[in-house]
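Topology and contacts: notes
What follows is each chain in one-letter form.
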There are 4 protein chains.
Amino acid sequence: MIIIMERDATAANIQAVTELLKEHGFKVIVHEGDVHTVIDALGDKTTLSPGRIDAMDGVKKIKFIREPFRLASRDRQAEDTVIEFENGVKIGGANRPVSIVGPCSVEDDYDGLLQVALAAKELGCQFLRGGAFKPRTSPYDFDGLGEKALKYLARAKEETGLLIVTELMDSADLDMVCDYADVIQIGARNMQNFKLLKSVGNCNKPVILKRGPASTIREFLLAAEHIMYNGNEKVILCERGLKSFDNAFTRNLLDISAIPVIKKYSHLPIIVDPSHGTGQRYLIEPMAKAGLVVGADGVMVEVHHNPPQALSDGKQSLSIPQFKEVFTRLNTLIDTLHLEKSMAISCVD
Amino acid sequence: MIIIMERDATAANIQAVTELLKEHGFKVIVHEGDVHTVIDALGDKTTLSPGRIDAMDGVKKIKFIREPFRLASRDRQAEDTVIEFENGVKIGGANRPVSIVGPCSVEDDYDGLLQVALAAKELGCQFLRGGAFKPRTSPYDFDGLGEKALKYLARAKEETGLLIVTELMDSADLDMVCDYADVIQIGARNMQNFKLLKSVGNCNKPVILKRGPASTIREFLLAAEHIMYNGNEKVILCERGLKSFDNAFTRNLLDISAIPVIKKYSHLPIIVDPSHGTGQRYLIEPMAKAGLVVGADGVMVEVHHNPPQALSDGKQSLSIPQFKEVFTRLNTLIDTLHLEKSMAISCVD
Amino acid sequence: MIIIMERDATAANIQAVTELLKEHGFKVIVHEGDVHTVIDALGDKTTLSPGRIDAMDGVKKIKFIREPFRLASRDRQAEDTVIEFENGVKIGGANRPVSIVGPCSVEDDYDGLLQVALAAKELGCQFLRGGAFKPRTSPYDFDGLGEKALKYLARAKEETGLLIVTELMDSADLDMVCDYADVIQIGARNMQNFKLLKSVGNCNKPVILKRGPASTIREFLLAAEHIMYNGNEKVILCERGLKSFDNAFTRNLLDISAIPVIKKYSHLPIIVDPSHGTGQRYLIEPMAKAGLVVGADGVMVEVHHNPPQALSDGKQSLSIPQFKEVFTRLNTLIDTLHLEKSMAISCVD
Amino acid sequence: MIIIMERDATAANIQAVTELLKEHGFKVIVHEGDVHTVIDALGDKTTLSPGRIDAMDGVKKIKFIREPFRLASRDRQAEDTVIEFENGVKIGGANRPVSIVGPCSVEDDYDGLLQVALAAKELGCQFLRGGAFKPRTSPYDFDGLGEKALKYLARAKEETGLLIVTELMDSADLDMVCDYADVIQIGARNMQNFKLLKSVGNCNKPVILKRGPASTIREFLLAAEHIMYNGNEKVILCERGLKSFDNAFTRNLLDISAIPVIKKYSHLPIIVDPSHGTGQRYLIEPMAKAGLVVGADGVMVEVHHNPPQALSDGKQSLSIPQFKEVFTRLNTLIDTLHLEKSMAISCVD
């Protein structure tokens, strides 16, 4: 931690800061510059909240040397985290990127869901996704079927063997969702719902954590840290687009570079969601490819048996024929990338 | 609702859209332009999700005429909402702007809290705020005393008569928080935690709803709509700063213009929080003034008996002497504005 | 300058960095942390571009202690810069905030311009503004009358005594614009047109420099630095709104807090433009007030004799009767603030 | 054009709007909704500035049906623009994506430049880039060698046959730059320097137009429109990253989705610049790949013979050995994509 003092900080201000640091076991070095005094503090930040230093008289700014996330950091664990499922499917590391597909929300039409699941199975996808509880910006929109949806997903799993991904919105529903889901999804709007993060931290299911639309990479990894800190290290990150000043053509701005950045600073797997990330059907294929070539461990795509009839997100869903066409091409790319990955061609660093 | 078709939309595409609209009782007018066909649909949007139209083949874009919030809209209620408390304090309309002050989080030092409360009382403030449950970006930071904090707030209320504002983070704590609080705060990170919005929608306490750091004004008013739709119309909005590309000097970018915009489109009261809105002690006074001159119904400011010892947000808190100095000046401005308001000088529209 | 090395930086990497620093006369201190090595370099950054260090192997990040602007910095000049005109008008410091009004672009209707100028004179404004050369996002829009407009402005100056503010878009026009203008305006889109900054740096007229819609405060002050570095220290900054993810209700997001921030870090005067800053007529009055209460040295407002006929920016212009109404109230506020300023009531810092 | 009237618009307001529209030859249809009146105006927007309507009393908002760019629009020209050079190199359409490499700025070391050029030639790149005039945020940084740099580029062209790309910053330098350059670059900060756009619009060299860091796609295409409108249709767009709230890990946020969006709405070629787009050497390869898989017509990458000695942008430059390694892999990807492109596999739309 480096503390930069204001140009008009007094000797007493400087002393107060250095004393507090020393009390907390920091090694302190003071540099008197010609404009600002700078204090280097070496030690363990957990014993003293930096906010306390920041609030002291004469302190201009604090700069940190180490990233604030620890459990999620590659400094702690150099090798990639790999999450393995009972049926042998694996996410992360040198494994083949996975595909997670299905409707935005599960609707009261089991046959429609099954059609999607069967097509997913046929295309070699590993996961079926579908919302039982839907966060909706407006209270006037459809907000999910609840447990009935979970039962439909369970039936589709039985018929196809696909693993189930579904969103948890309320910690009160945790046990119910765990009964049906293989992976629990935390939605973008709940990325900093710390009660919810804590509750999935206390369960033992893998968690897909979606990046908030205005979250920095650091905040995103700290949200993962909340889950890991509470005991669950099986976190799969998901990039799904940011708020931007330009929303004339896309719903969000998909941050493709976040994928290789996170790969460098964290060992956690990360997938890409081009449906929410763009809000446009015609952008799903190119942006899925973009995510995959930069190293994503999987893609999550919305597929609906009849998009114009979808109760949510139809505009960004593929129909079943479109899905087949797109994933035939995506599978070719995934195979090529998997081959390269297993041959361990590294990038310039 | 106006539907703009793609330039290459077929006659069948256009017919499919118009038929679905008519089925749902819309009056439909089709304009064939030289490039795009445009469909006007007049009717009640609640019977048909616009997303369904948006997902149909050949549809380029939908444009809405009416704002999507209804209960919160000034179109529905022309006069300002005024929220009145048992002790006669009122927020909104032509009433004197209120002051809500106190520490970010209530710490285990009742005397410190009481000092702040007594100073607040002396300066004519109406509300004491303090967090019992704190959302923290990092799991390594202090996250609140819980019910003990609520008991401290209750004691301070007894001694000073100040009304209590405190944050609810989990719907499971609703009853407990209601036992102590006069106003329930929903934090910025929970602005789209719809389960939480629903739960406070079902209680009868006034709610301060803080704007999410990347929320549009429309999303903000729709979040208020969630609370109102569930039965609680006593919503107080709070502008507290947005994420910005420039955070070298301030923590957030306080959107002062949101206050007069919201006053124009909604009847709900709105207050300003310059502590979180800037993250800098020296900006609290000028930005509180800015919020007040554009019409805010109150200010919320962090005050701590010893900011450098604060367990959270010390950098943006006033000490008690600073608080007295700042609020003496703010009270003069509030008195002037109140006088003008009651004399009903209107702005150019 | 503090250099943070990558966790896997080698001893050779560290040595290469320290040697280069020493060659350039820096005093160097190396701290070996348990994760990262940190190098403190004390000395004059002008002799060595930090980019060279940043590009060396093993360097993670460079952090600066001093602000990069120097001539514009309050560290260099503690007292406010005051710019004085031949007729005694002054901008900056404890002087009464000034008013700069007029149409967005000067149109081919001298009488209309004169009506605005006469009203401005009557309301005590000091400056008449009007564009002769207009930057337009689309090539299909009106882009100004050129020298004819400058002649109209000169005539209006003769009849009213108002000082003239007009925009320079091309350094080739500098001499012509200087013949007519008392203040040269650099538009927001040209804030980083360094050739233009250099050319006004070489003239001796005061310059109004508008903040680019996506410029940080640091970039803004560095743009001012370009002008000052080339010899012209008479720079007046102008906050006029930023790009934002929410443009449903306003054209830009006016950054009111930038005004007190810049007042703290720079000695240059700063004014506020609520017309461009919001794009909405009804927001001009409240946002002008917000800018003034936080310390702006002036306001710039668009006034047109017939806004619905304006060839540009009519939506954000006041008509003459509206202008009179608004400025009668603004003048009351300006008088109060001026009184307070001259009584030197300071803010909590 | 659709005009939405305010809820309290009077009959006279509505009549004034419809009359003005009719005067300008628009076909007008008025819909009286239960809240808002909506006016449809069909006709040619060039005869009447929409700003005039927008400024009329009672008008809430105007919505446009057609995109404002015309010459750049795919509505006008369905097939891709292809730009061909004297030596047979082509950019755009189904042609093989091109590579443009070289140092950020040309320095006073011809041998260094030649080394880069020879390596570029060897790797099959078509263009050598290098700045003679450099826009610099701070006046204290190196701003280019001027004509000497242009002469160095010409010599390198002679020795290697590579085509030359260099930036124009001032229209006064146009003739000089045209004497040496095969492609003129307009930098991101000058994207809305309309004088400069006009000047390159009047020359007959192809232009690379870089997207401004806070420009919407619409503003970007309108900037291209300025060049085309002035007579030069040989415009190559370049995506190079946007301002973002998260700059802890990258300098800009590279908007990969802009590439397929622009491909859909415009016929102009577009390339990607992962050096400026990320500011990080390790991100150049993955982000170049991301740009290419979504359809970019080329990549522009900074290569320097000795990045730690570079006078600008060393952090985001590849050294020559790194360049060879990265482009060997990129060439494999380019070959694959080119093959697919020529086999005309289309995406789901």
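The structure reproduced in this document is the subject of the present report. (Residues numbered from 1 in each chain as written. Chains lettered and ligands numbered in written order. Predicted model: local features only at pLDDT ≥ 70, side-chain atom pairs only at ≥ 80, totals over all residues. Heavy atoms only, no water.)

Thoughts on the overall build of chain A
Counting its secondary structure elements, chain A contains eleven helices and 14 strands. Relative to all contacts within chain A whose residues are 6 or more apart in sequence, the contacts with residues 24 or more apart total 69%. Approximately 11700 Å² of chain A is accessible, and the part contributed by carbon and sulfur atoms is 47%. (Helix = DSSP H or I, 4+ residues; strand = E, 2+ residues; numbered from the N terminus. Contact = heavy atoms within 4.5 Å. Areas by Shrake-Rupley, 256 points an atom, 1.4 Å probe, with all protein chains shown as cover.)

Quick notes on the interface of chain B and chain D
Listed as interface residues are 27 residues of chain B and, on the opposing side, 27 residues of chain D. Taking both sides of the interface into account, the surface hidden between chain B and chain D amounts to around 2300 Å²; carbon and sulfur atoms contribute 55%. The largest per-residue losses of area from chain B upon contact with chain D belong to I65, D75 and F245 of chain B, which jointly make up 23% of the total buried on that side. Inspection of the region where chain B meets chain D yields four salt bridges. (Buried area = accessible area lost by both parts, 1.4 Å probe. Salt bridge = Lys/Arg side-chain N within 4 Å of Asp/Glu carboxyl O.)

A short note on the packing of helix α10 (residues 281–293) of chain B against helix α10 (residues 284–293) of chain C
Put simply, α10 of chain B and α10 of chain C touch, their axes get as near as 8 Å, and they point 160 degrees apart. If you check the angle between α10 of chain B and α10 of chain C, you find them roughly antiparallel. Where α10 of chain B crosses over α10 of chain C, the handedness of that crossing is right-handed. Of the residues in α10 of chain C, those touching α10 of chain B at K289, A290 and V293 of chain B are K289, A290 and V293 of chain C. Taken together, the residues that form the contact of α10 of chain B with α10 of chain C break down as four nonpolar, no polar and two charged. (Axes fitted to C-alpha atoms, helices over the stretch in contact; angles between N-to-C directions. Parallel < 35°, antiparallel > 145°, perpendicular 65-115°, else oblique. Left-handed = near helix turned anticlockwise from the far one by under 90°. Nonpolar A, V, L, I, M, F, W, Y, C, P; charged D, E, K, R; others polar.)

Comments concerning the relation of the copies chain B and chain D
Superposing chain B onto chain D takes a rotation of 180 degrees plus a shift of 0.0 Å along the axis, which leaves an RMSD of 0.0 Å. Given the turn and translation reported, the copies of this chain are related as if by a two-fold rotation axis. Residues of chain B ranked by C-alpha distance from the rotation axis are headed by F245 of chain B, positioned 2.0 Å from it. The share of interface residues of chain B whose copies in chain D are also at the interface is 96%, consistent with both copies meeting through the same surface. (Least-squares fit on C-alpha atoms with pLDDT ≥ 70 in both.)

Some thoughts on helix α3 (residues 110–122) of chain A
All names here are of chain A. The terminal C-alpha atoms of α3, which comprises 13 residues, lie 18 Å apart, in line with the 18 Å expected from a rise of 1.5 Å per residue. Where α3 is concerned, the buried positions are Y110, G112, L113, L114, V116, A117, A119 and A120. Note on α3: the residue one or two positions beyond its end, G124, has a positive phi of about 85 degrees. (Expected span 1.5 Å × (residues − 1). Buried < 20%, exposed > 50% of the residue type's maximum accessible area, 1.4 Å probe, protein only.)

Overview of the environment of I334 of chain D
Residue and element names in this part refer to chain D. Inspection of the secondary structure puts I334 in helix α11 (residues 320–342). With 37 residues separating them along the chain, I334 and D297 place their C-alpha atoms 9.9 Å apart. Every residue in contact with I334, bar those within four places of it in the chain, is listed here: R96, P97, S99 and L292.

Examining the packing of aromatic side chains
Inspection of every chain in the model, using the stated rule, returns 16 aromatic pairs over all chains. Where F323 of chain C meets F327 of chain C, the ring centres are 4.8 Å apart and the plane angle is 55 degrees; that geometry is what we call tilted. With a gap of four residues between them, F323 of chain C and F327 of chain C both fall in helix α11 (residues 320–342), about one helical turn apart. We classify F323 of chain C as buried; its relative accessible area is 0%. One Lys or Arg, K264 of chain D, reaches over the ring of Y282 of chain A and ends 4.6 Å from the middle of that ring. (Phe/Tyr/Trp six-rings, centres within 6.5 Å; stacked < 30°, edge-to-face > 60°. Lys NZ or Arg CZ within 6 Å of the ring centre and 35° of its normal.)

Section: the environment of I208 of chain A
Residues and elements named next belong to chain A. By secondary structure assignment, the location of I208 is in strand β11 (residues 207–210). C-alpha separation for the pair I208 and A224, spaced 16 residues apart in sequence, amounts to 9.6 Å. Residues in contact with I208, not counting those within four places in the same chain, are I100, V165, V183, I184, Q185, I186, I236, C238, I271 and M300.

Describing the interface of chain D and chain A
Facing the 42 residues of chain D at the interface are 42 residues of chain A. Regarding the contact of chain D and chain A, the summed buried area is about 3700 Å², with carbon and sulfur atoms giving 74% of it. Of the charged contacts, one joins R211 of chain A and D246 of chain D as a salt bridge, the two residues approaching to 3.8 Å between their closest N and O atoms. Joining chain D to chain A, the criterion identifies two residue pairs in polar contact (both at pLDDT 80 or more). When residues of the side of chain D that touches chain A are traced back to their parent elements, those giving at least two are α7 (217–229), α8 (258–265), α10 (284–293) and α11 of chain D. (Polar contact = N/O pair within 3.5 Å; in protein donor to acceptor, adjacent residues only side chain to side chain.)

A word on the sheet that holds strand β2 (residues 27–32) of chain B
Residues and elements named next belong to chain B. Spatially, the four strands line up as an open sheet ordered β2-β3-β1-β4, and their pairing is antiparallel. In this open sheet, the two strands that pair with only one neighbour each are β2 and β4 (59–63). Ignoring which end each strand starts from, the neighbouring axes of this sheet average 20 degrees apart. With six bridges joining them, β2 and strand β3 (residues 37–42) adopt antiparallel strand pairing. Pairing of V30 across the sheet is with I39, part of β3. On top of the sheet, helix α1 (residues 11–23) reaches β1 (2–5), β2, β3 and β4; it is set at about 5 degrees to β3, its chief contact. (Pairing = 2+ DSSP bridges.)

What to know about a negative patch on the surface
Residue and element names in this part refer to chain A. Taken together, the side chains of D109, D111, E158 and E159 make up a negatively charged region of the molecular surface. Inspection of the secondary structure assignment puts E158 in helix α4 (residues 147–160). Using a relative accessible area of 72% as the deciding quantity, one classes E158 as exposed. (Patch = residues over 30% accessible without salt bridge, like charges linked within 9 Å, V, L, I, M, F, W, Y side chains within 5 Å. Lys, Arg positive; Asp, Glu negative; His and termini not counted. Charge placed at Lys NZ, Arg CZ, Asp CG, Glu CD.)

Concerning the state of the cysteines
All names here are of chain A. Tallied over the entire structure, the rule returns zero disulfides over all chains. Of the cysteine sulfurs around C125, a residue in no disulfide, the closest is that of C238, at 15 Å. C125 sits in the buried class, given a relative accessible area of 6%. Unpaired in this structure, C238 has its nearest cysteine sulfur neighbour in C104, at a distance of 13 Å. Look at C238 and you get buried, because its relative accessible area is 0%. (Disulfide = S-S within 2.5 Å.)

Focus: the pattern of salt bridges
Taken as a whole and assessed by the stated rule, the structure comprises 92 salt bridges over all chains. A salt bridge links E86 of chain C to K157 of chain C; the nearest nitrogen and oxygen atoms lie 3.7 Å apart. One end of the pair, E86 of chain C, is in the loop between β5 (83–84) and β6 (90–91); the other, K157 of chain C, is in helix α4 (residues 147–160), and 71 residues separate them in sequence. Since its relative accessible area comes to 70%, E86 of chain C is described here as exposed. On the basis of relative accessibility, which here comes to 23%, the residue K157 of chain C falls in the partly exposed class. Residues joined in a network through salt bridges with shared partners are R211, E239 and D255 of chain A together with D246 of chain D.

Regarding the packing of α10 of chain D against α11 of chain D
Residues and elements named next belong to chain D. Packing of α10 against α11 leaves a shortest axis separation of 11 Å and a crossing angle of 10 degrees. It follows that α10 is roughly parallel to α11 by the angle criterion. On α11, the residues touching E285, A288, K289, L292 and V293 of α10 are V326, R329, L330, L333, I334 and L337. Among the residues making up the contact of α10 with α11, the classes are represented as eight nonpolar, no polar and three charged.

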